[in-house]
Amino acid sequence: MVHFTAEEKTAITSLWGKVNVEEAGGEALGRLLVVYPWTQRFFDSFGNLSSASAIMGNPKVKAHGKKVLTSFGDAVKNIDNLKTAFAKLSELHCDKLHVDPENFRLLGNVLVIILATHFGKEFTPDVQAAWQKLVAGVANALSHKYH
Amino acid sequence: MVHLTAGEKSLVASTWSKVNVDEVGGEVLGRLLVVYPWTQRFFTSFGDLSSASAIMGNAKVQAHGKKVLKSFAEGLNHLDDLKGAFAQLSELHCDKLHVDPENFRLLGNVLMCVMARHLRADFTPEAQAACQKVVAGVATALAHKYH
């Protein structure tokens, strides 16, 4: 289980409070599809993913990205119990969506990059460390029900 | 081997030209040591690494980070033969330094994060995709001579 100190929790929640989940969600999913193009295979029904600008402007990508990041917001609220919080989503991603858990780590990396571009100076080493612990914890929680 | 299109090479070059290699090297190495604390084991002779501020302010970290990033920058001149360019460093990291190659990928992630932090919106999805291809190529090249 991932253990967060009080300082780490503060670093996470204070930054999260300033995140525009709708914008950041679309950007996170979009960048995942651009930077790791094989992930597009899970989104055949999303229409035009033929270029970076098509992907970043695609309304289905934005909508689904918002959904994914809103769910990530649940992690921030349930930081001491990530495995339980993500148990159902873990089963879904394994049994229905058949997503390789490595992709959760990739999405976590993309999210950290986005936070860095948005927050600049505020994204100090300590804040980065706390967030990377969180995304790793979420990736593990999402993999937990895989069989 | 890393295959970059002409467009990607040009994007990497223009993105990289906005990076102050002298300044950023220390930040990259410092963040590696903060965010992935087990990496500190390779730097026990560096003195005080007891906190994020100690690490980021540590003169040896700054100096060594600058050296590492200069070497990375040199690699950018040999994108069509990264394995050749990094052959000697690969042997050094395996035979003398005993560094697990996974750490090269971690350093690559941190470099992406630092570039994102400094370049903000200029670190576009396309720029990120091209740069991530390069850091993955460098990590692979550094692992190539391992036995």
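Residues numbered from 1 in each chain as written. Chains lettered and ligands numbered in written order. Predicted model: local features only at pLDDT ≥ 70, side-chain atom pairs only at ≥ 80, totals over all residues. Heavy atoms only, no water.

A. Looking closely at unusual backbone geometry. Backbone geometry places His98(A), a non-glycine residue, at a positive phi of 50°. Of note in this structure, His98(B) is not a glycine but carries a positive phi near 50°.

B. Region of the structure containing the state of the cysteines. Summed over all chains, the structure comprises zero disulfides over all chains. Cysteine Cys131(B) remains unbridged, with the sulfur of Cys113(B) as its closest cysteine sulfur at 13 Å. (Disulfide = S-S within 2.5 Å.)

C. Layout of the interface of chain A and chain B. Of the residues lining the interface, 23 residues belong to chain A; the matching set on chain B comes to 20 residues. Carbon and sulfur atoms make up 59% of the surface buried where chain A meets chain B, a total of about 1800 Å² over both sides. Per-residue buried area on chain A facing chain B is highest for Arg31(A), Ile113(A) and Pro125(A); these three make up 28% of the total on that side. Seen at the junction of chain A and chain B, the total is zero salt bridges. At the junction of chain A and chain B, the tally comes to 11 residue pairs in polar contact (both at pLDDT 80 or more). It is helix α7 (residues 102-119) of chain A that contributes the most residues to the side of chain A that touches chain B, eight residues altogether. Among the residues forming the side of chain A that touches chain B, the class breakdown is 13 nonpolar, seven polar and three charged. (Contact = heavy atoms within 4.5 Å. Buried area = accessible area lost by both parts, 1.4 Å probe. Salt bridge = Lys/Arg side-chain N within 4 Å of Asp/Glu carboxyl O. Polar contact = N/O pair within 3.5 Å; in protein donor to acceptor, adjacent residues only side chain to side chain. Helix = DSSP H or I, 4+ residues; strand = E, 2+ residues; numbered from the N terminus. Nonpolar A, V, L, I, M, F, W, Y, C, P; charged D, E, K, R; others polar.)

D. Structural detail: the environment of Gly84(B). With respect to the helices and strands, Gly84(B) occurs in helix α5 (residues 82-85). The sequence separation of Gly84(B) and Leu142(B) amounts to 58 residues, and the corresponding C-alpha distance is 9.8 Å.

E. Molecular detail of the nonpolar core. Within the largest apolar cluster, 81 residues are counted, with the highest numbers of intra-cluster contacts made by Phe123(A), Trp131(A), Leu134(A) and Trp16(B). Discounting chain neighbours no more than four positions away, the residues touching Leu134(A) are Phe4(A), Ile12(A), Phe72(A), Ala75(A), Val76(A), Ile79(A) and Leu82(A). With 17 residues, the next largest nonpolar core counts Ala52(A), Val61(A), Leu106(A) and Ile114(A) among its residues. (Core = buried A, V, L, I, M, F, W, Y, C linked by side-chain atoms within 4.5 Å. Buried < 20%, exposed > 50% of the residue type's maximum accessible area, 1.4 Å probe, protein only.)

F. Inspection of the UniProt feature "domain: Globin" (unreviewed entry) in chain A at higher detail. The UniProt entry lists residues 3-147 of chain A under the feature "domain: Globin" (unreviewed entry), expressed in the numbering used here. Secondary structure across residues 3-147 of chain A comprises 70% helix and 0% strand; the distance between its end C-alpha atoms is 25 Å. (UniProt positions renumbered as here; feature names shortened; annotations may be inferred.)

G. Region of interest: the confidence of the model for chain B. All names here are of chain B. Confidence in the prediction for chain B averages 93 pLDDT; 99% of positions are at 70 or higher. By mean pLDDT, the top-scoring element of chain B is helix α3 (residues 52-57) (96), and the lowest-scoring one is helix α6 (residues 87-96) (91). Reported for the predicted complex are a pTM of 0.89 and an ipTM of 0.83. (pLDDT = per-residue confidence, 0-100.)

H. The pattern of salt bridges, seen in detail. The full count for this structure, using the stated rule, is 14 salt bridges over all chains. We note a salt bridge from Lys66(A) to Glu22(A), for which the minimum N-O separation is 3.9 Å. In this pair, Lys66(A) is assigned in helix α4 (residues 59-77) and Glu22(A) in helix α2 (residues 21-35), connecting sequence segments 44 residues apart. Here Arg117(B) ties to Glu27(B) by a salt bridge, and the two come within 2.8 Å at their closest N and O atoms. Taken together, the residues Arg117(B) in helix α7 (residues 102-119) and Glu27(B) in helix α2 (residues 21-35) connect sequence positions 90 residues apart. As far as burial versus exposure is concerned, Arg117(B) and Glu27(B) are alike and both buried. One continuous salt-bridge network, built from bridges that share partners, spans Glu27(B), Arg31(B) and Arg117(B).

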